[in-house]
Amino acid sequence: MNLTVLGATGSIGASTLDVAARHPQRYRVFALSANASADALLELCRAHKPRYAVLSGVAESRDLRKEFASVNTELLFGAAALEQVAAHADCDAVMAAIVGAAGLASTLAAARAGKRVLLANKEALVMTGPLMMAAARAGGAQVLPVDSEHNAVFQCFSNKPSVSRIVLTASGGPFRTTPLEKLEGVTPEQACAHPNWVMGRKISVDSATMMNKALEVIEARWLFDVAPERIEVVIHPQSIIHSLVEYVDGSMLAQLSNPDMRVPIAHALAFPERIESGVRPLDLSLVKNLSFERPDERRFPCLRLAQAALRAGGTAPAALNAANEVAVEAFLARRLAFTGIGRVIETTLERCETRPAQGLEAVLEADAQARRTATSLVMAEAA
């Protein structure tokens, strides 16, 4: 299987390459991409020897081309090159692991080209759920979830008419028990110190606000074609049970494993087979407690905002995602308080008109409008 990894220098990319390298007889790395981390991408090309590499956020450079050519990899530049390697005739599977809206076009390109799409970029479905799934059906693509929660649901999901609800688990992040009055002063370093998972800075903040879980609710709605009211979130601090599916007979199926992204990645890479992932097996004798609690919407307002955007439909989820990206970037740059993230998102949704998401152009227009609105709100908060 020829594998393209979009977002190869991130944590998901690293885990994917780790799993693939354990099975060289099954997987060949076809293309790797990064935004601007040329040195890190070059090192990956030395190790995995792909045919192509893409720097999507770097201007064309003859010197860089020569460096990559020295390891027999052709270097491409720009966002359009992401779509090129994702849809290439010699590519079989695409790990879509670019964070945020930047991964939308390449993920759509892979779906339209009929690839096995290993979906780690949840924003693509949040922004264009119906369009993405329609493109996958038309192109004959196989969309397999890589988020640990959705992959867990996928493993437990069968006989759809008998499913009564999906329960997505969340760790609660680093501020699950922090007094509410102290959240205003949270620093980026504190927000990025996740208790269970090793992730990039943006997704770590999303976990701390539970926007990550909120986006996953929207993603689950389209992945599994389940009504929004049948998708719930429960906090499970141990991150051992990754999600559950309840059936009409009262039974509930769950997927358990140690919190390591190589488990869902290996499942999606090899499906319907199973392969070794490199993850330490779960020792139930060491699991002293599995606890659950309902999320507090005062602490995690992003859950409420995402559910409202999902109910509104149309371009509302795209606006939600855009406002969140702007707000998180401002928080990480210390231009916005942690609690300001929710305030910026809520006001952006109030000010941006929801329109039908009849095509990609309408979605991108809503994304741009929400970014402008959120940017002005961040400036007002900082004033």
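To be clear, the structure that these remarks concern was listed above.
1. Section: the sheet that holds strand 10 (residues 241-247)
- Strand order across the open sheet formed by four strands is 9-8-10-11, with mixed pairing between neighbours. The strands lining the two open edges of the sheet, one partner per strand, are strand 9 (231-235) and strand 11 (252-256). With direction set aside, neighbouring strand axes in the sheet form an average angle of 20°.
- The pairing of strand 8 (residues 163-170) with strand 10 spans five bridges and is antiparallel. Bridging across to strand 10, Ile166 finds its partner in Val245.
- Of the strands in this sheet, strand 8 and strand 9 touch helix 10 (residues 211-223), which is tilted by about 155° from strand 8.

2. Description of the pattern of salt bridges
- Tallied over the full model, the rule gives 26 salt bridges.
- A salt bridge links Arg262 to Asp260, with the nearest nitrogen and oxygen atoms 2.9 Å apart.
- Residue class for Arg262 comes out buried when judged on its relative accessible area of 16%.
- A salt bridge links Asp367 to Arg371; its shortest N-O distance comes to 2.8 Å.

3. So, the sheet that holds strand 1 (residues 2-6)
- Reading across the sheet, the seven strands line up as 4-3-2-1-5-6-7 and stay open at both edges, with parallel pairing between neighbours. The open sheet has two free edges, formed respectively by strand 4 (74-77) and strand 7 (142-145), since each of these has just one partner strand. Sheet twist, expressed as the mean angle between neighbouring strand axes with direction ignored, is 20°.
- Sheet contacts for helix 1 (residues 11-21): strand 1, strand 2 (28-34) and strand 5 (93-96); angle to strand 1, the most-contacted strand, approximately 160°.
- Across the sheet, helix 3 (residues 62-69) touches strand 3 (52-55) and strand 4, and the angle it forms with strand 4 is around 145°.

4. Some remarks on helix 7 (residues 148-156)
- Of all the nine residues making up helix 7, seven are buried; the element is thus mostly covered by neighbouring parts of the structure.
- Residues Ser148, Glu149, His150, Asn151, Ala152, Val153 and Cys156 constitute the buried set of helix 7.

5. Digging into the packing of helix 12 (residues 301-312) against helix 14 (residues 340-351)
- Contact pair helix 12 / helix 14: the axes reach a minimum separation of 10 Å and the direction vectors enclose 20°. By the criterion of interaxial angle, the relationship of helix 12 to helix 14 is roughly parallel. As helix 12 packs across helix 14, the resulting crossing turns out to be left-handed. On helix 14, the residues that touch Cys302, Arg304 and Leu305 of helix 12 are Gly342, Ile345, Glu346 and Leu349.
- Across the contact of helix 12 with helix 14, the residue classes break down as four nonpolar, one polar and two charged.

6. A closer look at the layout of surface pockets
- Taken as a whole, the second largest pocket holds about 200 Å³ of empty space.
- Around the second largest pocket, the lining comprises 15 residues; the ones closest to its centre are Ser257, Val263, Arg274, Ser277 and Val279.
- At the level of elements, strand 11 and helix 11 (262-270) are the ones that each hand at least two residues to the lining of the second largest pocket.
- Tallying contributions element by element places helix 11 first for the lining of the second largest pocket, with three residues.

7. Looking at the nonpolar core
- Counting 85 residues, the largest nonpolar core has Leu320, Phe338 and Ile341 as its most contacted members.
- Broken down by element, this core gets its largest block of residues, 10 residues, from helix 13 (residues 316-332).
- Once residues lying within four places of it in the same chain are set aside, the contact partners of Leu320 are Met211, Leu215, Ile218, Leu305, Ala306, Ala309, Ile345 and Leu349.
- Counting 38 residues, the second-largest nonpolar core is a separate cluster that includes Ile12, Leu17, Leu55 and Leu269.

8. Points about the packing of aromatic side chains
- This model, assessed by the stated rule, comprises five aromatic pairs.
- Each ring, one from Phe331 and one from Phe338, has its centre 5.5 Å from the other, and the planes form 65°; the classification is edge-to-face. Per residue, the accessibility class of Phe331 equals that of Phe338, and both read buried.
- Each residue in the set Phe175, Phe331 and Phe338 is aromatic and connected to the rest through ring pairs, giving one cluster.
- For Arg221, the ring lying beneath its charged end belongs to Trp222, and the centroid distance is 4.0 Å.

9. Some words on the pairing of strand 4
- Two elements, strand 3 and strand 4, share four bridges in a ladder whose sense is parallel. The residue bridging Leu55 from the neighbouring strand is Phe77, located in strand 4.
- Running through helix 3, the crossover from strand 3 to the neighbouring parallel element strand 4 is right-handed.

Rules used throughout
- Residues numbered from 1 in each chain as written.
- Predicted model: local features only at pLDDT ≥ 70, side-chain atom pairs only at ≥ 80, totals over all residues.
- Heavy atoms only, no water.
- Pairing = 2+ DSSP bridges.
- Helix = DSSP H or I, 4+ residues; strand = E, 2+ residues; numbered from the N terminus.
- Axes fitted to C-alpha atoms, helices over the stretch in contact; angles between N-to-C directions.
- Contact = heavy atoms within 4.5 Å.
- Salt bridge = Lys/Arg side-chain N within 4 Å of Asp/Glu carboxyl O.
- Buried < 20%, exposed > 50% of the residue type's maximum accessible area, 1.4 Å probe, protein only.
- Parallel < 35°, antiparallel > 145°, perpendicular 65-115°, else oblique.
- Left-handed = near helix turned anticlockwise from the far one by under 90°.
- Nonpolar A, V, L, I, M, F, W, Y, C, P; charged D, E, K, R; others polar.
- 1 Å grid on protein atoms, 1.4 Å probe; cavity = no way out; pocket = protein on both sides within 12 Å on 5 of 7 lines; lining within 4 Å.
- Points joined across faces, edges and corners; volume = space filled by probe spheres on them.
- Core = buried A, V, L, I, M, F, W, Y, C linked by side-chain atoms within 4.5 Å.
- Phe/Tyr/Trp six-rings, centres within 6.5 Å; stacked < 30°, edge-to-face > 60°.
- Lys NZ or Arg CZ within 6 Å of the ring centre and 35° of its normal.
- Right-handed = clockwise from strand over helix to strand, strands pointing away.

Taken by themselves, the reported measurements are silent on function.
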